[in-house]
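# Structural overview for review
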Amino acid sequence: MITYLDDILIYSDDLEMHCSHVHKVLKKLNERALYVKKSKSKFKTKKIKFLDYVIQFEQIKKDSEKTDAVKN
């Protein structure tokens, strides 16, 4: 799991483990009266943008939209 301010990224080796990790994180948040906004959440995805990176199976790279904006 990686957290940055109010962003949480949960990653796992397989779907079963991932579901377990997500359940544990959501349970801990709930215990502290913290909640996630469903419309801003993505579950069981194989590719996601997180901060300035695109993360997918066995690969992390800079988000080209962000680097192109800086270049231009």
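Use the structure listed above.
If you're wondering where the values come from, they're calculated on a predicted model, not measured in any experiment.

### Considerations on the side chain of His 18
Structurally, His 18 can be placed in helix 1 (residues 15–31). A relative accessible area of 15% means that His 18 is categorised as buried. Contacts of His 18, omitting those with residues within four sequence positions, involve Ile 10, Tyr 11, Ser 12 and Lys 44.

### Examining the layout of surface pockets
By volume, the largest pocket amounts to about 1500 Å³. In terms of lining, the largest pocket is formed by 38 residues, of which the most central are Ile 8, Leu 9, Ile 10, Lys 42 and Ile 48. Going through the elements one at a time, strand 2 (7–9), helix 1, strand 3 (47–50), strand 4 (53–56) and strand 5 (59–62) are the ones with two or more residues in the lining of the largest pocket. Among the elements that make up the lining of the largest pocket, the one with the highest residue count is helix 1 (six residues).

### Some details on the environment of Leu 9
Secondary-structure assignment places Leu 9 in strand 2. Classification of Leu 9 by relative accessible area gives buried; the value is 9%. Residue contacts for Leu 9: discarding those within four places in its chain leaves Met 1, Ile 2, Ile 48, Phe 50 and Ile 55.

### What about the packing of aromatic side chains?
As enumerated under the stated definition, the model contains zero aromatic pairs in all. Lying across the ring of Tyr 53, Lys 62 places its NZ or CZ 4.7 Å from the centre.

Rules used in this analysis
Residues numbered from 1 in each chain as written. Predicted model: local features only at pLDDT ≥ 70, side-chain atom pairs only at ≥ 80, totals over all residues. Heavy atoms only, no water. Helix = DSSP H or I, 4+ residues; strand = E, 2+ residues; numbered from the N terminus. Buried < 20%, exposed > 50% of the residue type's maximum accessible area, 1.4 Å probe, protein only. Contact = heavy atoms within 4.5 Å. 1 Å grid on protein atoms, 1.4 Å probe; cavity = no way out; pocket = protein on both sides within 12 Å on 5 of 7 lines; lining within 4 Å. Points joined across faces, edges and corners; volume = space filled by probe spheres on them. Phe/Tyr/Trp six-rings, centres within 6.5 Å; stacked < 30°, edge-to-face > 60°. Lys NZ or Arg CZ within 6 Å of the ring centre and 35° of its normal.

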